[in-house]
Amino acid sequence: MSAALIDGFGRTINYVRLSVTDRCDFRCIYCMAEEMTFLPRHSILSLEEIQRCAEIFVANGVSKIRLTGGEPLTRKGIIGLCETISAIPGLNELVMTTNGSQLTKYAQALAEAGVQRLNISLDSLCPAKFKAMTRVGDLQQVLNGIQAARQAGFKRIKINSVIIQGHNDDEILALTAYAIENHVDITFIEEMPLGHVGRSRESALFSSDQVRDSIAAHYALLDSDESSGGPARYMRLQDHPDTRIGFISPHSHNFCSTCNRVRLTVEGKLLLCLGNEHSLDLLTLLRRYPLSNEPVLSAIGEALNNKPEQHHFSSDGDVQIIRFMNASGG
Ligand code: SAM
Ligand code: SF4
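Analysis parameters
Each chain carries its own residue numbering, running from 1 in the direction its sequence is written. Whichever chain is written first becomes A and whichever ligand is written first becomes 1, with later ones labelled in order. Given that this is a predicted model, residues contribute local features only at a pLDDT of at least 70 and side-chain atom pairs are listed and counted only at 80 or more, while totals for whole chains, interfaces and linings are drawn from all residues. The side-chain figures draw on all heavy atoms in the structure; neither hydrogens nor water molecules are used. Secondary structure elements follow DSSP: runs of H or I no shorter than four residues count as helices, runs of E no shorter than two count as strands, and numbering proceeds from the N terminus. The quantity called the radius of gyration is restricted to C-alpha atoms. Its globule counterpart is 2.2 Å times the number of residues to the power 0.38. Only protein chains enter the accessibility calculation, which uses a 1.4 Å probe; a residue is then buried when its area is under 20% of its type maximum, exposed when over 50%, and partly exposed in between. Residues count as neighbours in contact if any of their non-hydrogen atoms are within 4.5 Å of one another. Working definition of a nonpolar core: buried Ala, Val, Leu, Ile, Met, Phe, Trp, Tyr and Cys residues. They are joined through side-chain atoms within 4.5 Å. The nearness test applies per residue and asks whether one of its heavy atoms lies within 4 Å of the molecule or strand. Any N or O atom pair separated by 3.5 Å or less is treated as a polar contact, with the protein-specific requirement of one donor-capable and one acceptor-capable atom, and with residues adjacent in sequence counted only for side-chain atom pairs. Note on areas: Shrake-Rupley with a 1.4 Å probe; residue coverage comes only from the protein chains shown. When residues are grouped by polarity, Ala, Val, Leu, Ile, Met, Phe, Trp, Tyr, Cys and Pro land in nonpolar, Asp, Glu, Lys and Arg in charged, and all others, Gly among them, in polar. Regarding the arc, it is the one traced by the directions from the helix axis to the C-beta atoms. Axis definition: a line fit to C-alpha positions, over the contact stretch in the case of helices; interaxial angles, taken between N-to-C directions, run 0 to 180 degrees. Crossing handedness is defined as follows: a turn of the near helix away from the far one that is anticlockwise and smaller than a right angle gives a left-handed crossing, while the clockwise case is right-handed.

Trainee: Explain the overall build of the protein chain here, please?
Mentor: The number of helices and strands found in the protein chain is 10 helices and 12 strands. Computed over C-alpha atoms, the radius of gyration of the protein chain comes to 19 Å, within 12% of the 20 Å expected from 2.2 N^0.38 for 330 residues, which places it in the range of a compact globule. In terms of overall dimensions, the protein chain has C-alpha extents of about 55 × 40 × 40 Å along its principal axes. Going through the 330 residues of the protein chain one by one, you find that 56% of them count as buried. Long-range pairs, those at least 24 residues apart, make up 74% of the contacts in the protein chain between residues at least 6 apart in sequence.

Trainee: Please clarify how the nonpolar core should be interpreted in this entry.
Mentor: Note on soluble globular proteins: their nonpolar side chains tend to be buried together. Formed by 101 residues in total, the largest nonpolar core has its most connected members in I65, L67, I85, L110, L122, F188 and I300. Considering each element in turn, this core owes the most residues, seven residues, to helix α5 (residues 139-152). The residues contacting I300, other than those within four sequence positions of it, are L5, I56, F57, L270, L280 and L282.

Trainee: Help me understand the site of ligand 1, please; the structure alone is not making it clear to me.
Mentor: For ligand 1, the set of nearby residues contains 19 residues, the closest of which are Y30, G70, T98, S121 and M192. Within the backbone of T98, one N or O atom sits 3.1 Å away from an oxygen atom of ligand 1. When the free accessible area of ligand 1 is taken as 540 Å², the share hidden by the protein chains comes to 96%. Considering only residue class, the shell around ligand 1 consists of six nonpolar, nine polar and four charged.

Trainee: What's the story with unusual backbone geometry in this structure? I'm lost.
Mentor: Most peptide bonds take the trans form, and the phi angle of most residues other than glycine is negative. Within the chain, R135 stands out as a residue other than glycine whose phi angle is a positive 70°. The backbone of H183 sits at a positive phi, close to 55°, despite the residue not being glycine. Looking at the secondary structure, you find H183 in the loop between α6 (172-181) and β6 (185-190). Judged by its relative accessible area of 48%, H183 is partly exposed.

Trainee: What's the story with the site of ligand 2 in this structure? I'm lost.
Mentor: The immediate surroundings of ligand 2 are formed by C24, F26, R27, C28, Y30, C31, M32, G70 and N99. In the shell around ligand 2, the residues fall into six nonpolar, two polar and one charged.

Trainee: Explain helix α9 (residues 294-304) here, please?
Mentor: For an α-helix, 3.6 residues make a turn, and residues three or four places apart therefore share a direction. If you check which residues of α9 are buried, you get V296, L297, A299, I300, A303 and L304. Viewed end-on, α9 has its buried residues packed into an arc of 160°, placing them on one side of the element. Of the exposed residues in α9, those oriented more than 90 degrees away from the buried face are E294 and E302. Packing partners of the buried residues in α9 comprise α1 (47-59), β10 (261-264), β11 (269-271), β12 (279-281) and α8 (282-288).

Trainee: Looking at this structure, how should I read the packing of α1 against α9?
Mentor: Two measures define how a pair of helices packs: the angle their axes make with one another and the distance between the axes. Relative to each other, α1 and α9 sit at 65°, their axes nearing to 11 Å. In this structure, the crossing between α1 and α9 has a hand that is right-handed. Note on element contacts: α9 touches α1 through V296, L297 and I300, opposite R52, I56 and F57.

Written out as structure tokens, the structure is:
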């Protein structure tokens with residue numbers, strides 16, 4: 001029987017997000033600055049170390065792992081890592097968040113390697129706007145990737161859209177219609193103030209309530225108490241049962257009281273909260289104790305006592321956390 005990881009506020013941690021790289025082939029305007037410096041290879045976790053961490057977490061009650069980044073599909077060896085993580089006894093779900101740029105190449109292999117669900121980021125259906133938001137991305141490549149994922153047989157696919165006032169708030173209905181047509185879910189995300197991305201976030205916040213109102217003006221929305229084990233709240237569309245509409249609302253509907261997750265960055269820092277700097281240096285511990293997981297587990301247990309009760313993102317756009325989202329593992 002696995003032991004449970006419980007934090008100082010009694011919340012059980014059963015979900016871990018593992019960032020497998022801080023690198024990415026896009027430069028989304030809400031996630032990164034235009035010029036980024038990425039971590040040198042020697043200071044990141046090896047695939048074996050990531051696997052070891054996954055095994056420690058699952059042995060202690062974690063049932064869901066999300067692979068993320070950076071762009072996880074840019075990490076060499078990612079398919080093999082999916083195979084070995086999905087085979088860990090006791091893990092119920094291996095899922096991934098990707099920008100979709102390489103899914104035409106990898107979707108089938110990911111599904112065969114045991115990845116059950118995909119979140120695919122898509123902020124615009126207009127090629128020029130898509131390029132502007134990702135700085136370099138090609139919309140058609142991602143749309144092709146989504147189709148490849150649909151054919152690969154994942155249990156569920158969800159589109160993630162970060163809505164930013166003045167950039168893509170006029171595309172909420174088009175993105176919703178796209179999700180309906182393609183029988184996938186869609187989650188609208190409020191931008192979080194992580195890292196200095198080179199633009200002001202002030203007055204760019206477009207709240208989940210505003211998104212919901214735009215959708216409700218065109219579709220009959222139904223309340224739902226469903227959860228996919230993460231921070232999203234869901235609604236259903238009365239006339240389109242295959243599509244759920246999710247909202248991740250760090251500003252307007254704080255989700256901290258039900259937080260069940262921690263993040264491991266690719267430099268081996270265990271982040272206890274996305275919106276606070278508290279962390280534990282697991283990389284050093286893993287390398288200091290190559291043959292024994294006990295000291296690593298005991299340090300994780302102690303760190304969980306310091307998991308903050310909540311984040312304090314304010315809506316004035318100020319950066320409160322210096323690290324970028326690509327380094328945090330979104
Ligand atoms: N590269 C992959 C992708 O884009 O899906 C995975 C990593 S990305 C950091 C994970 C998710 O975080 C994406 O859905 C992205 O839209 C979201 N994200 C990035 N920066 C964000 C921010 N500042 N606020 C809210 N969401 C953000
Ligand atoms: Fe890359 Fe994802 Fe960040 Fe966009 S959101 S820059 S795709 S890591």
